[in-house]
Amino acid sequence: MADLQSLSDLKPTLEGAVAEAAPVEPKRDAQGRSYGTGRRKDAVARVWIKPGSGKVTVNGRDQEIYFARPVLRMLLKQPFEVCDRSNQFDVVCTVTGGGLSGQAGAVRHGLSRALVAYEPGLRGALKAHGFLTRDPRVVERKKYGKAGARRSFQFSKR
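Basis of the calculations
Residues numbered from 1 in each chain as written. Predicted model: local features only at pLDDT ≥ 70, side-chain atom pairs only at ≥ 80, totals over all residues. Heavy atoms only, no water. UniProt positions renumbered as here; feature names shortened; annotations may be inferred. Helix = DSSP H or I, 4+ residues; strand = E, 2+ residues; numbered from the N terminus. Expected span 1.5 Å × (residues − 1). Bend = angle between axes of the 7 residues up to and from the residue. Buried < 20%, exposed > 50% of the residue type's maximum accessible area, 1.4 Å probe, protein only. Contact = heavy atoms within 4.5 Å.

- The protein is annotated in an unreviewed UniProt entry as Small ribosomal subunit protein uS9 of Inquilinus limosus.
- According to its UniProt record, the protein has this under Sequence similarities (unreviewed entry): "Belongs to the universal ribosomal protein uS9 family."

1. Comments concerning helix 3 (residues 70–83)
Step number 1: The terminal C-alpha atoms of helix 3 lie 21 Å apart, and with 14 residues this matches the ideal 20 Å at 1.5 Å per residue to within 8%.
Step number 2: For helix 3, the principal kink sits at Lys77 and spans about 40 degrees; a proline, Pro79, occurs within the next four residues.
Step number 3: Every buried residue of helix 3 is listed here: Leu72, Arg73, Leu75, Leu76, Gln78, Pro79, Phe80 and Cys83.
Step number 4: Packed against the buried residues of helix 3 are strand 3 (56–58), helix 2 (63–66), strand 5 (89–96), helix 4 (100–118) and helix 5 (123–128).
Step number 5: Looking one or two places after helix 3, you find Asp84, whose phi comes out positive at around 55 degrees.

2. A closer look at the environment of Val95
Step number 1: By the secondary structure assignment, Val95 is in strand 5.
Step number 2: Among the residues examined, Val95 registers a relative accessible area of 5% and is labelled buried.
Step number 3: Excluding its chain neighbours within four sequence positions, the residues that come into contact with Val95 are Val44, Ala45, Val58, Asn59, Gln103 and Val107.

Below you can see the structure in the form of structure tokens.
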């Protein structure tokens, strides 16, 4: 019985330790940029943001040229719209692997992480919309005896 009482005595000190946690400091380099790595399917994006006019450069090209489909460009805007930071940051990113859809998802993930690094107070809004979660869905591997991952070869009775 004495053990239970001693555990209840410890509880207030643990709560106090959590409440006294230091505020998270923004992470910026010498040029005032913040960095985030984003991943989606096989694509990996390295994203740097810095205060600016809202120019987005992907692999040295403008976003309208690299991501020609409007849906893909909409994915890039989502983190800024959620945080009310549209046209406040210049974005420079390099993306490798996967297709355009996976690359756009990777850039969105990296953008969200870079925004949190630049301004830690935005974490709650971005997390609530699921932008900080890495989407774990990837292409399933092909199995032997199958035409694809699960599709069987065409059956012939004769």
